[in-house]
Amino acid sequence: MTALIFALLLGLLILGVPVVVVMGFVGLLSMYLLGFPVSMVGQRIFGMMDSFTLLAIPLFILAGEIMNVAGISRRLITLAKALLPIRRARLGKVVVTTEYLFSGISGSTVADTAAIGAAVIPEMRRDGYTAAKATGVVCGACAAGMLVPPSITMIVYGGVANVSIGALFAAGFIPALFCALAMMVHLDFEDRRGIIKERRPETREPLWPAFKDSGWALGMPLIIIVGILSGVFTATEAGVVAVIYALVIDVFVYRELDFASMKTILVKAVNLTGVVVFLIAMSSLFGWYLTVEQVPQRLTAYMDALNLGQFGVLIAVILFFLLLGMVMDGIAAVIMVVPILLPSLAALGVDPLHAGVLIVGATGVGLFTPPVGAGLFVACGISGTSIGAASRAAAPYLITVSLALVALAFLPGVATFLPELTGLYTPR
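Residues numbered from 1 in each chain as written. Predicted model: local features only at pLDDT ≥ 70, side-chain atom pairs only at ≥ 80, totals over all residues. Heavy atoms only, no water.

Chemist: Is there a simple way to explain the overall build of the chain in this structure?
Modeler: Counting its regular elements, the chain contains 20 helices and zero strands. A total of 428 residues make up the chain; the buried ones form 56% of that total. Here the analysis covers contacts within the chain between residues at least 6 apart in sequence; of these, 80% occur between residues at least 24 apart. Accessible surface, the chain: about 17,700 Å² in total, of which carbon and sulfur atoms supply 69%. (Helix = DSSP H or I, 4+ residues; strand = E, 2+ residues; numbered from the N terminus. Buried < 20%, exposed > 50% of the residue type's maximum accessible area, 1.4 Å probe, protein only. Contact = heavy atoms within 4.5 Å. Areas by Shrake-Rupley, 256 points an atom, 1.4 Å probe, with all protein chains shown as cover.)

Next comes the structure, spelled out in structure tokens:
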């Protein structure tokens, strides 16, 4: 019966049925075929959703939406220009730096793409980038920034895999920096080869005014991370702090928040939260079926038989999530696949924190791959270029970020160093 269920699941996804509908339908069907009462449906869903950890999702989404209306991306771009010296591919590197800073505020890579793309793509066009090239650089930078906390995908992974959200946040910083530096090296190489022909400014943005203007925005990720690392509050409580901080900054400092904007923000936050939470609820039914049918145990035995070794399996996991990103949303992929993979990875001695960093990073790349990459569509909508042209331009940068993730598979200490140092995590 397992083969039939998976064939049905794959067939419905290929036909374009929404992932949440597929998960719910397959879960209900499997419960019926196994003879379990329908009354268990509500119990399973409630048991999955009754989680203090998952409460962080709507809080960080709301905080990010509030900060997005305050012109944060514009301020951070100015700061990035002031921080970077005048050198090769400066504007491209400004995009990478801005994304790293902005990801620590929004929590959503698609929101990052919209905010940063709208601010930098017109300027990149004026500085000699084609529309497709500018779109590709933005896509690569945002894919590299997926690991910067607070990441909604990280929160979902932590809830599904039962891994500390605070530890995941701490684990993402250095790998995200590693991927961002890989992007910068790539941009520098292209500039030297003449692939990028960027107009070089004669002056540099003054640092202090730029820092003073954006300092309040930078305070949000700083307070969140320092609070979590020091044990002052949990990741969920940090979401409350983030919302309060964002409201105070927007109302009393930047003064760009009014009643009409707040209504729009709340509607967007509720809609996005509803999508994520509904996915998690429906996945609980499918996850229960996998447990009953011992699918993880079978997968473990199969992976042992292949004899790929720990690192070989991790590289296979990265490639698998990159492929999944081409056909479904990254959060849906995490919800659907991680419960199956995690027991197998644990049996092979793979640290779940290290695996989480690689999986979240791979889903970030998947957001910018056709045919369903939401981030790619947003970037193309801003630049006005075609999906095909943008995909070709983004491909080299996405490959660079993917290779950085493969390198991180061989360096688990890069992910676990900071969480262990702060006492947030003990390797399993």
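Chemist: Explanation requested: unusual backbone geometry in the structure shown.
Modeler: Peptide bonds are trans in most cases, and residues, glycine excluded, mostly fall at negative phi. A positive phi angle, near 60°, is found at asparagine 162, a position not held by glycine. Inspection of the secondary structure puts asparagine 162 in the loop between helix 9 (152-161) and helix 10 (165-192).

Chemist: Please explain the pattern of salt bridges as it appears in this structure.
Modeler: Pairing between side chains of opposite charge can happen when their charged atoms approach one another. Evaluated as defined, the whole model comprises three salt bridges. Here lysine 93 and aspartate 188 are joined by a salt bridge, their closest N and O atoms 3.0 Å apart. Of the two residues, lysine 93 sits in helix 6 (residues 90-106) while aspartate 188 sits in helix 10, which places them 95 residues apart along the sequence. The two residues lysine 93 and aspartate 188 agree in class, both being buried. For lysine 133, the salt bridge goes to glutamate 190, with nearest N and O atoms at 3.1 Å. A residue pair is termed long-range when its members are at least 10 positions apart, and lysine 133 in helix 8 (residues 131-144) and glutamate 190 in helix 10 qualify at 57 residues. For the pair lysine 133 and glutamate 190, one class covers both residues: buried. Taken together, the shared-partner salt bridges in this structure form one network comprising Lys93, Asp188 and Arg192. (Salt bridge = Lys/Arg side-chain N within 4 Å of Asp/Glu carboxyl O.)

Chemist: Explain the environment of glutamate 65 here, please?
Modeler: When you line up the elements, glutamate 65 lands in helix 4 (residues 56-68). Residue glutamate 65 is classed as buried on the basis of its relative accessible area, which comes to 10%. Look past the residues within four positions of glutamate 65 in its chain and what remains in contact with it is Ile265, Lys268 and Ala269.

Chemist: Would you explain a nonpolar patch on the surface in this entry?
Modeler: On the surface, a cluster of nonpolar side chains totalling about 620 Å² of accessible area is made up of Trp216, Val240, Ile244, Val248, Val251, Phe252 and Val253. Considering each element in turn, the nonpolar patch owes the most residues, six residues, to helix 12 (residues 235-253). Its place among the elements puts tryptophan 216 in helix 11 (residues 207-230). (Patch = residues over 30% accessible without salt bridge, like charges linked within 9 Å, V, L, I, M, F, W, Y side chains within 5 Å.)

Chemist: Just checking my understanding: could you explain helix 16 (residues 330-347) for this structure?
Modeler: What sets the pattern is the α-helix's 3.6 residues per turn: residues three or four places apart point alike. The end-to-end C-alpha distance of helix 16 is 24 Å, a good match for the 26 Å that 18 residues give at a rise of 1.5 Å each. Residue valine 338 marks the point of greatest curvature in helix 16, where the axis turns by about 50°; the proline proline 339 follows within four residues. The buried fraction of helix 16 amounts to 14 of the 18 residues, a majority that puts the element mostly inside the structure. Glycine 349 sits one or two positions beyond helix 16 and adopts a positive phi of about 85°. (Expected span 1.5 Å × (residues − 1). Bend = angle between axes of the 7 residues up to and from the residue.)

Chemist: In this structure, what is going on with the environment of leucine 341? I would like to understand it.
Modeler: Checked against the element boundaries, leucine 341 lands in helix 16. With 180 residues separating them in the primary sequence, leucine 341 and alanine 161 have C-alpha atoms 9.9 Å apart.

Chemist: Which parts of the structure should I look at to understand the packing of aromatic side chains?
Modeler: The description of an aromatic ring pair rests on the distance of the ring centres and on the angle between the ring planes. Under the definition given, this model contains two aromatic pairs. Judged by centre distance (6.1 Å) and plane angle (80°), the rings of phenylalanine 320 and phenylalanine 321 are edge-to-face. Classification of phenylalanine 321 by relative accessible area gives buried; the value is 1%. (Phe/Tyr/Trp six-rings, centres within 6.5 Å; stacked < 30°, edge-to-face > 60°.)

Chemist: Hey, could you run me through the packing of helix 17 (residues 352-366) against helix 19 (residues 387-409) in this one?
Modeler: When two helices pack together, their arrangement is given by the angle between their axes and by how far apart the axes lie. Here helix 17 crosses helix 19 at 175°, and the two axes come no closer than 10 Å. Viewed along their axes, helix 17 and helix 19 adopt a mutual orientation that is roughly antiparallel. Only Leu398, Val401, Ser402, Leu405, Leu408 and Ala409 of helix 19 make contact with helix 17, whose side of the interface consists of His354, Leu358, Gly361, Ala362 and Val365. Of the residues contributing to the contact of helix 17 with helix 19, the split by class is eight nonpolar, three polar and no charged. (Axes fitted to C-alpha atoms, helices over the stretch in contact; angles between N-to-C directions. Parallel < 35°, antiparallel > 145°, perpendicular 65-115°, else oblique. Nonpolar A, V, L, I, M, F, W, Y, C, P; charged D, E, K, R; others polar.)

Chemist: Looking at this structure, how should I read the side chain of aspartate 351?
Modeler: By the element assignment, aspartate 351 lies in the loop between helix 16 and helix 17. From its side chain, aspartate 351 meets the backbone nitrogen of leucine 353 in a polar contact 2.8 Å long. (Polar contact = N/O pair within 3.5 Å; in protein donor to acceptor, adjacent residues only side chain to side chain.)

Chemist: Mind showing me how you'd approach the environment of proline 206 here?
Modeler: By the element assignment, proline 206 lies in the loop between helix 10 and helix 11. Judged by relative accessible area, which is 48%, proline 206 ranks as partly exposed. In this structure, the C-alpha to C-alpha distance between proline 206 and threonine 78, residues 128 residues apart in sequence, is 9.1 Å.

Chemist: Whenever I open this one, the packing of helix 15 (residues 309-324) against helix 19 confuses me. Can you help?
Modeler: At a minimum axis separation of 9 Å, helix 15 and helix 19 run at an interaxial angle of 155°. Taken together, the axes of helix 15 and helix 19 lie roughly antiparallel to each other. For the pair helix 15 and helix 19, the sense of crossing is right-handed. Seen from helix 15, the contacting residues are Phe311, Leu314, Ile315, Ile318 and Leu322; seen from helix 19, they are Ser402, Leu405, Val406 and Ala409. For the contact of helix 15 with helix 19, the class distribution of residues is eight nonpolar, one polar and no charged. (Left-handed = near helix turned anticlockwise from the far one by under 90°.)

Chemist: Looking at this structure, how should I read the state of the cysteines?
Modeler: Covalent bonding between the sulfur atoms of two cysteines defines a disulfide. A complete count under the given rule lists zero disulfides for this structure. A disulfide-free cysteine, cysteine 139 has its sulfur positioned 6.4 Å from the sulfur of cysteine 380, the nearest such atom. (Disulfide = S-S within 2.5 Å.)

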